[in-house]
Each structure stands twice: as structure tokens, then as C-alpha cells.
Amino acid sequence: MNKRDILIGFLIGIFTSLLGSYLFITFFTRFDISSGIQIIKENGYLGKVITLGTTLDLAVFAVLLKKDKEFMAGGVILSVIVLAISTLLT
């Protein structure tokens, strides 16, 4: 059961980061999502946009802790760590 909760938290964390990146590109740039990602990647800012999108994980983490879902919250932290490492490698 614990591994399943961690996996669910990991998937929630990845989805939330993607949602945050989408919202950042939509609201704070003048590009649409497909051309925005290409332009941001060409300029070398993709890692920074992913990092900004990850800030939504903080709210998800707090909600999961409030609902006593510690293992799911750990999965969210794991997704943040994976995204941070992938950001360093890109």
C-alpha cells in the first residue's frame, strides 16, 4: 500500500508541475503552448519554466499533509527531486 501511495503522489507531483508550467506559459508569455515551449527551449529557459511550474507542488504537498497522506506527500517530494535533477541535466 505504501508503494502505491508513493507512486500516486509522484504522478500527482509530475502532473502538478506540468500544469504549473502550462499556466506560466499561458499567463506570463505571449506565446501559445506549442510555440512557447519551442522558443523557451531554444533560448535555454525550459529548466527555469519547469522550476517555476514546480512551485504548485508546495500547495499540493501542504494539502496532502493536512489530510494525513504522508506517503503521497513523500511521492510529491520525490517528483520534485526528479524534476530538479532533470532540470540540472538539461
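Our subject in this report is the structure included herewith. Remember, it's a predicted structure, so these values are computed and weren't measured experimentally.

### Considerations on the environment of Asp-32
Inference 1: Along the chain, the position of Asp-32 falls in the loop between helix 1 (2-28) and helix 2 (33-43).
Inference 2: Between the C-alpha atom of Asp-32 and that of Tyr-22, which follows or precedes it by 10 residues, the distance is 9.6 Å.
Inference 3: Within the structure, Asp-32 has its side chain in polar contact with the side chain of Ser-35 (distance 2.3 Å).

### Observations regarding the layout of surface pockets
Inference 1: Here the largest pocket defines a volume of roughly 180 Å³.
Inference 2: As for the largest pocket, its lining consists of Ile-14, Ser-17, Leu-18, Ser-21, Tyr-22, Ile-25, Ile-33, Ile-37, Leu-46, Val-49, Ile-50 and Leu-83.
Inference 3: Partitioning the lining of the largest pocket into residue classes produces 10 nonpolar, 2 polar and no charged.

Reading the values: the criteria
Residues numbered from 1 in each chain as written. Predicted model: local features only at pLDDT ≥ 70, side-chain atom pairs only at ≥ 80, totals over all residues. Heavy atoms only, no water. Helix = DSSP H or I, 4+ residues; strand = E, 2+ residues; numbered from the N terminus. Polar contact = N/O pair within 3.5 Å; in protein donor to acceptor, adjacent residues only side chain to side chain. 1 Å grid on protein atoms, 1.4 Å probe; cavity = no way out; pocket = protein on both sides within 12 Å on 5 of 7 lines; lining within 4 Å. Points joined across faces, edges and corners; volume = space filled by probe spheres on them. Nonpolar A, V, L, I, M, F, W, Y, C, P; charged D, E, K, R; others polar.

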